[in-house]
Amino acid sequence: KPDSYFTNVVNQMVVKTGGELYRIAVHPYLIKDNVFTAIMGLECSSVGKVQKKYSLSISYNKNLSQFYTDQKICERGEEDTVLRLMLTNALNFYLKGSKRLDQLLIYRTGGNDRQNDDIFKKELPIFISFFSGVGPGCFKENCKTSFTFLVVNKKTDLKFFKRNPQDKDGYANPEKGTVIDSHVLNPERFEFYLQPQFVNQGTASPVHFLVLYNQMNIPLEDLENITYKLTYYYWNWNGPIREPAALKFAEVCNSF
């Protein structure tokens, strides 16, 4: 068999025994002395007509490279109870190796404006009350955690191109890491488009990120930089993927 087969096997052995294939200098805003940070991914899908399936992943090491995952199915109307339980389990696991949790960056799969509005009105208040120590099941171990909440939509209609005189049509797909955060966006919203991967066949589809809550007060440019670098932490793929690794792990968990 080719060498890559054995390399992949060894890589999986390293990861599954708690090792790291590499480390990324994500951003000093997140990784700095005496500040404990985690990255969370949250995926939700329908199970039949009356149930929902939530899948969650959260990083639990200093370098934001190792993840705990959880999944639960609930009846519609029970989202508050289930989300609080999942958050409690995830953060208790996180605290086994950390003194506290100071910052939490959350990526949640979203969609159209109606779906994003539902997340803003129904799910975001659960996170706010949970981390402020209000209501049942609040995070009593540390009620000083600040968090930033983004909705991620990979099924976008907009396409972006760069001028390329060498191409017969004069245009080409944007380079990986390209960010669009002005002119074609709603100036009243805190949002941006990111093209994490370079696409050499067909037309590239950027990913839309909408910031619903920014208690961490991360500047937009820093948030774009952080988001792009987190796309490199999915070790099953050589290079960046289309979303931060935490969200990808939640989506993979959701598929089972």
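Above: the structure in question.
So, here is what we can say about the structure in this document. Note that this is a predicted model, so its numbers are computed, not measured.

Conventions we followed
Residues numbered from 1 in each chain as written. Predicted model: local features only at pLDDT ≥ 70, side-chain atom pairs only at ≥ 80, totals over all residues. Heavy atoms only, no water. Helix = DSSP H or I, 4+ residues; strand = E, 2+ residues; numbered from the N terminus. Rg over C-alpha atoms; globule rule 2.2 N^0.38 Å. Buried < 20%, exposed > 50% of the residue type's maximum accessible area, 1.4 Å probe, protein only. Contact = heavy atoms within 4.5 Å. Lys, Arg positive; Asp, Glu negative; His and termini not counted. Charge placed at Lys NZ, Arg CZ, Asp CG, Glu CD. Phe/Tyr/Trp six-rings, centres within 6.5 Å; stacked < 30°, edge-to-face > 60°. Lys NZ or Arg CZ within 6 Å of the ring centre and 35° of its normal. Salt bridge = Lys/Arg side-chain N within 4 Å of Asp/Glu carboxyl O. Pairing = 2+ DSSP bridges. Axes fitted to C-alpha atoms, helices over the stretch in contact; angles between N-to-C directions. Expected span 1.5 Å × (residues − 1). Parallel < 35°, antiparallel > 145°, perpendicular 65-115°, else oblique. Left-handed = near helix turned anticlockwise from the far one by under 90°. Nonpolar A, V, L, I, M, F, W, Y, C, P; charged D, E, K, R; others polar.

1. Structural notes on the overall build of the chain
- Check the secondary structure of the chain and you find five helices and 10 strands.
- In summary, the chain has a C-alpha radius of gyration of 19 Å against a globular reference of 18 Å for 256 residues, a match within 12%.
- Dimensions of the chain along its principal axes, counting C-alpha atoms only, are 60 × 50 × 45 Å.
- Burial statistics for the chain: of 256 residues in total, 46% are counted as buried.
- Summarising the internal contacts of the chain: among those between residues at least 6 apart in sequence, 64% fall at separations of at least 24.
- Both charge centroids of the chain, one from 31 positive and one from 27 negative side chains, sit 4 Å from each other.

2. Re unusual backbone geometry
- The phi angle at His-183 is positive, at roughly 70°, despite the residue not being glycine.
- Here His-183 is to be found in the loop between strand 8 (178–180) and strand 9 (191–195).
- A residue is classified by how much of its surface remains accessible, and His-183, at 81% relative accessible area, is exposed.

3. Quick look at the packing of aromatic side chains
- Taken as a whole and assessed by the stated rule, the structure comprises 17 aromatic pairs.
- Centre to centre, the rings of Tyr-107 and Phe-209 are 6.3 Å apart; their planes meet at 80°, and the pair counts as edge-to-face. One end of the pair, Tyr-107, is in strand 4 (residues 103–109); the other, Phe-209, is in strand 10 (residues 207–214), with 102 residues separating them in the sequence.
- Overall, the relative accessible area of 0% leaves Tyr-107 in the buried class.
- A connected cluster of aromatic rings, assembled from ring pairs, spans Phe-127, Phe-130, Phe-131, Phe-147, Phe-149 and Tyr-213.
- The ring centre of Phe-36 lies 5.3 Å from the NZ or CZ of Lys-62, which sits over that ring.

4. Some remarks on the pattern of salt bridges
- Evaluated as defined, the whole model comprises 13 salt bridges.
- In this structure, the salt-bridge partner of Asp-70 is Lys-72, at a minimum N-O distance of 3.9 Å.
- In this structure Asp-70 comes out as buried when scored by relative accessible area, which is 11%.
- On the accessibility criterion, Lys-72 (24% relative accessible area) is partly exposed.
- Salt-bridge contacts for Glu-243 lead to Lys-154; the nearest nitrogen and oxygen are separated by 2.9 Å. Of this pair, Glu-243 sits in the loop between helix 4 (220–230) and helix 5 (245–254) while Lys-154 is found in the loop between strand 5 (146–153) and strand 6 (162–163), placing the two residues 89 residues apart along the sequence.
- Look at Glu-243 and you get buried, because its relative accessible area is 2%.

5. Remarks on the sheet that holds strand 4
- Read from one edge of the open sheet, eight strands run 3-2-1-4-5-10-9-8, paired in mixed fashion. Each edge of the open sheet carries a strand with a single partner, namely strand 3 (67–75) and strand 8. Taken pair by pair, the neighbouring strands of this sheet meet at an average axis angle of 25°, ignoring direction.
- Direction of pairing for strand 8 relative to strand 9: antiparallel, over a ladder of three bridges.

6. Some words on helix 1 (residues 3–16)
- For helix 1, which comprises 14 residues, the first-to-last C-alpha distance of 20 Å matches the rise-based estimate of 20 Å (1.5 Å per residue) to within 8%.
- Gly-18 sits one or two residues past helix 1 and shows a positive phi near 95°.

7. A look at the environment of Ala-25
- Considering the arrangement of structural elements, one finds Ala-25 in the loop between helix 1 and strand 1 (37–47).
- Distance from Ala-25 to Ser-55, taken between C-alpha atoms, is 27 Å for residues 30 residues apart in sequence.

8. Here's the deal with the packing of helix 2 (residues 79–94) against helix 3 (residues 113–131)
- Remark: helix 2 packs on helix 3, axes separated minimally by 10 Å, with the N-to-C direction vectors making an angle of 45°. Looking at the two axes, helix 2 sits oblique to helix 3. In the packing of helix 2 onto helix 3, the handedness of the crossing is right-handed. Residues Glu-79, Asp-80, Leu-83, Arg-84, Leu-87, Thr-88 and Leu-91 of helix 2 touch helix 3, and the partners they reach there are Glu-123, Ile-126, Phe-127, Ser-129, Phe-130 and Phe-131.
- Residue classes in the contact of helix 2 with helix 3 are distributed as seven nonpolar, two polar and four charged.

9. Some remarks on the pairing of strand 5
- In terms of residue burial, strand 5 counts as a mostly covered element, since eight of its eight residues are buried.
- Bridging between strand 4 and strand 5 involves seven bridges; their strand directions are parallel. Counterpart to Ile-106 in the pairing with strand 5 is Phe-149.
- Sheet analysis places strand 5 next to strand 10, joined by six bridges and oriented antiparallel. Paired with Asn-153 across the bridge in strand 10 is His-208.

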